[in-house]
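For reference, the chains in residue letters:
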Amino acid sequence: PINAPTVFNSGLNFRQFWDGRSATLEDQIDKVIHNAMEMATTWPEIMAKLAADAALMQQFKATYPDGLQKKNIQDAIAVYERSLLTPSRFDRYLLGDVKAISTEEKQGYQLFKDYGCVACHQGANVGGNMFQKFGALNDYFGKRGNVTAADLGRFNLTQQEEDRHVFKVPSLRNVALTAPYFHDGSAQTLAQAVDVMFRHQLGRIAPDADKQLIMKFLGTLTGETLEVKP
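About the thresholds
- Residues numbered from 1 in each chain as written.
- Predicted model: local features only at pLDDT ≥ 70, side-chain atom pairs only at ≥ 80, totals over all residues.
- Heavy atoms only, no water.
- Helix = DSSP H or I, 4+ residues; strand = E, 2+ residues; numbered from the N terminus.
- Buried < 20%, exposed > 50% of the residue type's maximum accessible area, 1.4 Å probe, protein only.
- Contact = heavy atoms within 4.5 Å.
- Areas by Shrake-Rupley, 256 points an atom, 1.4 Å probe, with all protein chains shown as cover.
- Lys, Arg positive; Asp, Glu negative; His and termini not counted.
- Charge placed at Lys NZ, Arg CZ, Asp CG, Glu CD.
- Axes fitted to C-alpha atoms, helices over the stretch in contact; angles between N-to-C directions.
- Parallel < 35°, antiparallel > 145°, perpendicular 65-115°, else oblique.
- Phe/Tyr/Trp six-rings, centres within 6.5 Å; stacked < 30°, edge-to-face > 60°.

In terms of regular secondary structure, the protein chain is built from 10 helices and two strands. Each helix (α) and strand (β) of the protein chain, taken in turn from the N terminus, gives the series α-α-α-α-α-α-β-α-α-β-α-α. In terms of its C-alpha atoms, the protein chain occupies a principal-axis envelope of roughly 60 × 45 × 30 Å. Expressed as a percentage of its 230 residues, the buried residues of the protein chain come to 41%. If you take every contact in the protein chain between residues at least 6 apart in sequence, the share linking residues at least 24 apart comes to 63%. When the accessible surface of the protein chain is totalled, it reaches about 12,600 Å², and 57% of it is carbon and sulfur. The averaged location of the 26 negative side-chain charges in the protein chain is 2 Å from the averaged location of its 25 positive side-chain charges.

What follows covers the packing of helix α2 (residues 43-51) against helix α4 (residues 70-82). Two numbers describe how α2 lies on α4: the axes approach to 11 Å, and their chain directions differ by 80°. One finds that α2 runs roughly perpendicular with respect to α4. For the pair α2 and α4, contact is made by Trp43, Ile46, Met47 and Leu50 and by Lys70, Ile73 and Gln74, respectively.

Structurally, glutamine 58 can be placed in helix α3 (residues 54-63). Expressed as a C-alpha distance, the spacing of glutamine 58 and histidine 200, which sit 142 residues apart in the sequence, is 53 Å.

Another aspect to go through is the packing of aromatic side chains. By the definition in use, this model includes 14 aromatic pairs. Ring centres of phenylalanine 112 and phenylalanine 217 lie 5.0 Å apart, and the angle between their planes is 50°; this geometry places the pair in the tilted category. Remark: phenylalanine 217 occurs in helix α10 (residues 208-219) and phenylalanine 112 occurs in helix α6 (residues 103-114); sequence separation between them is 105 residues. Here phenylalanine 134 and phenylalanine 141 contribute two aromatic rings whose centre-to-centre distance is 5.7 Å and whose plane-to-plane angle is 85°, an arrangement assigned as edge-to-face. The residues phenylalanine 134 and phenylalanine 141 share a single accessibility class, namely buried.

Below, the structure written as structure tokens:
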């Protein structure tokens, strides 16, 4: 029912899931375990399966004094997930390497700031640190139609009208590699996603040249080890 976010850099998010229903990766793991459309299992079932692996049990005992426990499984997975960081050329630029990004990419970064994209996409994860309404300045769902429960966002949790269509702002790290975009996967290309953001979040129309430069900047957020070579 919803477009799965990337696990890369998820440890930098202030909440997990699009609606932010988990405050930690450990809690996110617990919800995935029980979700009927994902793992559809229980901790007793998981523990029984893992306990049958003698080598794994030795590793658990060596790492955790109390051995195989639900909390230790959650901790092990979360520690692994927090290791999935993808430093980029943009990080090197921020650290003082002025040659890490091109002149056009720098222009795109300036436009990204000038147009106000940084109002939501900010911080270490270039997003992932606040909630915002999708369609803040232009009714996205009214135009798209066919509203589903997944489109309600945090409203499903709080039942507060101000949370209708409110979602966690996604990180833009590796955004050039993570199509389709948005919680509904409605944008098939980065260009489409940028256009939707201009119209529905910024309430503005930008020249194609500016949007192209912004996309060049977004390409600098691709983790250097993830670069797809032609």
